Amino acid sequence: MEFWITLSILAAFFQSVRFMLQKKLSQVKLTASGATFARFVYSAPIAVCLILLYLSQADHVPAVPGGRFWVFGVLGGAAQITATVCTVMLFGRRNFAVGMTFTKTEVLLTVLIGGVILGELVSLAGFVAIILGVIGVLVLSGPIETAGPWWKRILSPSAALGVLAGALFGVSGVSYRAASLVVESGDPIMRAGITLAAVTSMQLVGMALWLLWRDRAEIGNVLGAWRTAGFIGITSLAGSFCWFAAFTLQNAAYVKAVGQVELIFGLLATVLIFKESISRREALGISCIGASVLALILWA
């Protein structure tokens, strides 16, 4: 198995655990913004310390990245924050596995976004797989929240939040790959570590300023929930590092496609942890998107 595939699977696992913790915090103690802020306040300092330690032991230290690195870093970081907030909000509307599946439009949209930003395209067979994934999203947008014409169900708030989150996660993945490729090093760990430390630090500062302006008390709530929020930070750091390292080795669309094994983790969490049920229609939609992911891996 190629190393980037292993990294993608590990990233998906850590992301599933983080989303479970964020869902729990958003239901009990924190707002969607607070649950998102928790991942940065407890991960950015660790990321910076670890990369500084790694660089101190390295034979070659790359030059400070130029403007292209920071532009893509800011773009990816802002997109990821917004996407995470949308995802946490979505968990309050639908069960855990379906909420995660809605965000999986990200693998379809990443192909398109990667083509526009980096010129990384997919094959005709890959396009067929994308269409299959779209069908899965439409199935998941069935008669849950509204009755009446089919277009009202497809344009439901849950569908809108999920597709928006997926698009923004796609932007962040492609942007992170673009930023990591700017780092002048052949070492994927160094590239990933530098990009991760820079991005999470910017996200920490940005969200702290936002909460100071809009919801100052939520910062104290995040710090007060350190027992669970600390695990969010740790799992976020582990997952993000695996994503970033995989992005340095492979097209972001393919990395995200393999990362769709997160659906399996989400199903297990839904049934075993949150004790939530999944309807036949929802299972069909998840199956379609899962088949789309498998097709992307085999054909693209």
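Before reading further, recall that the structure is shown in the block above.
These lines cover the structure that appears in this document, whether it is placed above or below. (Residues numbered from 1 in each chain as written. Predicted model: local features only at pLDDT ≥ 70, side-chain atom pairs only at ≥ 80, totals over all residues. Heavy atoms only, no water.)

## Section: the nonpolar core
Nonpolar side chains in soluble globular proteins generally cluster together in the buried interior. The biggest cluster of nonpolar side chains holds 44 residues, and the ones touching the most others in it are Phe-69, Ile-194, Trp-243, Phe-244, Phe-247 and Val-255. The set of elements that each furnish at least two residues to this core consists of helix H1 (3–28), helix H3 (44–56), helix H4 (67–91), helix H9 (157–182), helix H10 (188–214), helix H12 (226–249) and helix H13 (252–258). Counting residues in hydrophobic clusters, the runner-up holds 14 residues, among them Phe-40, Leu-211, Ile-219 and Ala-229. (Core = buried A, V, L, I, M, F, W, Y, C linked by side-chain atoms within 4.5 Å. Buried < 20%, exposed > 50% of the residue type's maximum accessible area, 1.4 Å probe, protein only. Helix = DSSP H or I, 4+ residues; strand = E, 2+ residues; numbered from the N terminus.)

## Here's the deal with the packing of helix H6 (residues 105–117) against H9
Running from N to C, H6 and H9 point in directions that differ by 45°, and their axes come no closer than 8 Å. Viewed along their axes, H6 and H9 adopt a mutual orientation that is oblique. Where H6 crosses over H9, the handedness of that crossing is right-handed. When H6 is examined against H9, the residues Thr-105, Glu-106, Leu-109, Thr-110, Ile-113, Gly-114 and Ile-117 are found in contact with a partner set consisting of Gly-162, Val-163, Gly-166, Ala-167, Phe-169, Gly-170, Val-171 and Val-174. Considered class by class, the residues forming the contact of H6 with H9 number eight nonpolar, six polar and one charged. (Axes fitted to C-alpha atoms, helices over the stretch in contact; angles between N-to-C directions. Parallel < 35°, antiparallel > 145°, perpendicular 65-115°, else oblique. Left-handed = near helix turned anticlockwise from the far one by under 90°. Contact = heavy atoms within 4.5 Å. Nonpolar A, V, L, I, M, F, W, Y, C, P; charged D, E, K, R; others polar.)

## Considerations on the side chain of Arg-177
Turning to its location among the elements, Arg-177 is positioned in helix H9. Those residues in contact with Arg-177 that lie beyond four places of it in its chain are Leu-118, Glu-120, Phe-247, Thr-248, Leu-249, Gln-250, Asn-251 and Ala-252.

## A few points about the packing of aromatic side chains
Centre-to-centre distance and the angle between the planes together describe a pair of aromatic rings. Applying the stated criterion across every chain yields a total of five aromatic pairs. Ring geometry for Phe-69 versus Trp-70: centroids 5.0 Å apart, planes at 85°, classification edge-to-face. The aromatic ring of Trp-243 is capped on one face by Lys-256, whose charged end is 4.2 Å from the ring centroid. (Phe/Tyr/Trp six-rings, centres within 6.5 Å; stacked < 30°, edge-to-face > 60°. Lys NZ or Arg CZ within 6 Å of the ring centre and 35° of its normal.)

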